[in-house]
Protein chains: 2
Amino acid sequence: MRNAEFDRQAVLRAAMRAFLVKGYAKTSMADLTKATGLHPGSIYCAFENKKGLLIAAIGQYHDDRSAQFQQLFANNNNPLHNLKAYLDGIVQECLSCDATQACLLTKALSEVGEQDEDIHQLIHRNLHAWQQGIEQVLNMAKSQRLIPADTNSQVQAQFLMMGIYGLRTFGHTEPNAAVLQPLADKLFSSLLN
Amino acid sequence: MRNAEFDRQAVLRAAMRAFLVKGYAKTSMADLTKATGLHPGSIYCAFENKKGLLIAAIGQYHDDRSAQFQQLFANNNNPLHNLKAYLDGIVQECLSCDATQACLLTKALSEVGEQDEDIHQLIHRNLHAWQQGIEQVLNMAKSQRLIPADTNSQVQAQFLMMGIYGLRTFGHTEPNAAVLQPLADKLFSSLLN
DNA sequence: TCCTTTCTTGAATATGCATTCAAGATAATC
DNA sequence: GATTATCTTGAATGCATATTCAAGAAAGGA
């Protein structure tokens, strides 16, 4: 009897970073062994193959981002304030020009989601959970009369998701606060009409 | 003396489709020879290498889309009407679930733009030209008092670009008119506030 | 018709890569 | 301490793939 030695979360976060920098197809197993510190045999033993490692990394990414999201909204502050801070945080990530701060879900969706049904469904589920988190925040804001009573929380949450996707794409071409911040502000103000 | 035999535009459109379906890295030269009908030697003679073919395909994509854009807005109809039709057309492309109707600029930006400076700059230029086309339409709408006089056309054009990027990403997860059309409508109505 | 130039062909090359596996190492159990 | 079950190691394997190049084909000019 013997237990596995490596720290699963640390390995998955390293793999996630590697996939974010080079994309799935261009990240070689050599890159992954270097990034994770694991030898090929260990990776195949733990995750079956390269695709299994991507799936596990996406799961870890979702867990990490969800925890971050819950934490940001866990206080009793004005939910709209929290949402504004959330959007501003995304702008900051775009400004960093750091590939490891990008969104693994949308990146993987674009590259492999169209070609692999397993991964497409996994990402779809994760993005949907994220959308429902935003929807809950909007319902809270509505019950506190911070946004119009006739707001359709689901559509508004979808609109915010759409805006966040677009903001991140825009950030790839213009990682510039003078450009991105007004866009994030305008997106936020769409809640108040 | 002898002239090249193949139709350059047809070849580039075929390559563009291949890249849209599988992505750049996963599209093999074998895929490209099959799609274009050209043999490897001819591709290397005409485009230098696989990356050169991608660059040429992106150029063709931009030319094709620009021509389509100009044509849609060339009539003397209400520019806002035309813009609405443009957004509705994008919704239709999303609904088709056809990878060849996706946007090669954003797809290539996501996959290779972060890794290759040549391609990043080319895509950046093309997306910027597209944004300026929208900006011109907004200026026309403003001069016809169809949108508020204090509209900042540049920011509004950026916001529309952002929305279009996001709409296409959203379409990958929910290719559903009941979801996408309200989002496009809400994006359009952001012009009128 | 013959010659020259240019284009086309596709097999060969060389490299890179995902995956496997058998030997070695380590921890728990007796 | 011996035994056993499990984990780790990393070189070997076989396949996929980007690129090259020399021979073949076709067009224009003499």
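What this report covers is the structure whose coordinates are included nearby. On a predicted model such as this, the values are computed, not experimentally measured, just so you know.

All right, on to the interface of chain A and chain B then. It is common to report an interface's size as the accessible area lost on association of the parts. Contact residues are listed per partner, giving 36 residues for chain A and 36 residues for chain B. Where chain A packs against chain B, one counts six residue pairs in polar contact (both at pLDDT 80 or more). Only α1 (8–22), α6 (104–113), α7 (117–143), α8 (153–173) and α9 (177–189) of chain A provide two or more residues apiece to the side of chain A that touches chain B. The element contributing the most residues to the side of chain A that touches chain B is α8(A), with 14 residues. Class assignment for the residues of the side of chain A that touches chain B results in 14 nonpolar, 16 polar and six charged.

This part takes up the packing of aromatic side chains. Tallying each qualifying case throughout the model produces ten aromatic pairs over all chains. Summarising the aromatic geometry, the rings of Phe69(B) and Tyr86(B) are spaced 5.3 Å apart at their centres and angled 90 degrees between planes, so their arrangement reads as edge-to-face. Of this pair, Phe69(B) sits in helix α4 (residues 50–73) while Tyr86(B) sits in helix α5 (residues 79–95), placing them 17 residues apart in sequence. Members of the aromatic cluster, connected to one another through ring pairs, are Phe69(A), Phe73(A) and Tyr86(A). A cation sits over an aromatic face here: Lys50(B) above Tyr24(B), 4.6 Å from the ring centre.

Here the focus is the environment of Asn77(A). As for its placement among the helices and strands, Asn77(A) is situated in the loop between α4 (50–73) and α5 (79–95). In this structure, the C-alpha to C-alpha distance between Asn77(A) and Gln60(A), residues 17 residues apart in sequence, is 28 Å.

Okay, the relation of the copies chain A and chain B next. For the pair chain A and chain B, the relating rotation is 180 degrees, the translation along its axis is 0.0 Å, and the fit reaches an RMSD of 0.0 Å. This pairing of chains is accounted for by a two-fold axis. Considering only C-alpha atoms, the part of chain A nearest the rotation axis is Gly166(A), at 2.0 Å. When the interface residues of chain A are mapped onto chain B, 100% of them are again interface residues, pointing to one common binding face.

What follows is about the nonpolar core. With 122 residues, the main nonpolar core has Trp130(A) and Trp130(B) as its most contacted residues. When residues no more than four places from it in sequence are discounted, the contact partners of Trp130(B) are Phe69(B), Tyr86(B), Cys103(B), Met161(B), Ile164(B) and Tyr165(B).

Cut-offs used in this document
For every chain, the first residue of the written sequence is number 1, and numbering continues from 1 along that sequence. The lettering of chains begins at A and the numbering of ligands begins at 1, in the order of writing. Totals for whole chains, interfaces and linings use every residue, but because this is a predicted model, local features are given only for residues with pLDDT of at least 70 and side-chain atom pairs only at 80 or more, for both listing and counting. Side-chain metrics in this entry use all non-hydrogen atoms of the structure; hydrogen atoms and water are not considered. Contacts are assigned to residue pairs that have any heavy atoms within 4.5 Å of one another. In the analysis that follows, any N or O atom pair within 3.5 Å is treated as a polar contact, provided that within protein one partner can donate a hydrogen and the other can accept it, and provided that, for residues neighboring in sequence, both atoms belong to side chains. Secondary structure follows DSSP: runs of H or I at least 4 residues long count as helices, runs of E at least 2 residues long count as strands, and numbering of each begins at the N terminus. Each residue receives one of three labels: charged for Asp, Glu, Lys and Arg, nonpolar for Ala, Val, Leu, Ile, Met, Phe, Trp, Tyr, Cys and Pro, and polar for the others, Gly being one of them. By convention, a stacked pair of Phe, Tyr or Trp rings (six-membered ring in the case of Trp) has centres within 6.5 Å and planes under 30 degrees apart, an edge-to-face pair has planes over 60 apart, and any other such pair is tilted. Criterion for a charge above a ring: Arg CZ or Lys NZ at most 6 Å from the ring centre, at most 35 degrees from the ring normal. The atoms used to superpose the copies are C-alpha atoms, taken from residues with pLDDT of at least 70 in both, and the fit is least squares. What we call a nonpolar core is a set of buried Ala, Val, Leu, Ile, Met, Phe, Trp, Tyr and Cys residues that are connected through their side-chain atoms within 4.5 Å. Relative accessibility thresholds used throughout: buried, under 20% of the residue-type maximum; exposed, over 50%; partly exposed, between the two (1.4 Å probe, protein chains only).

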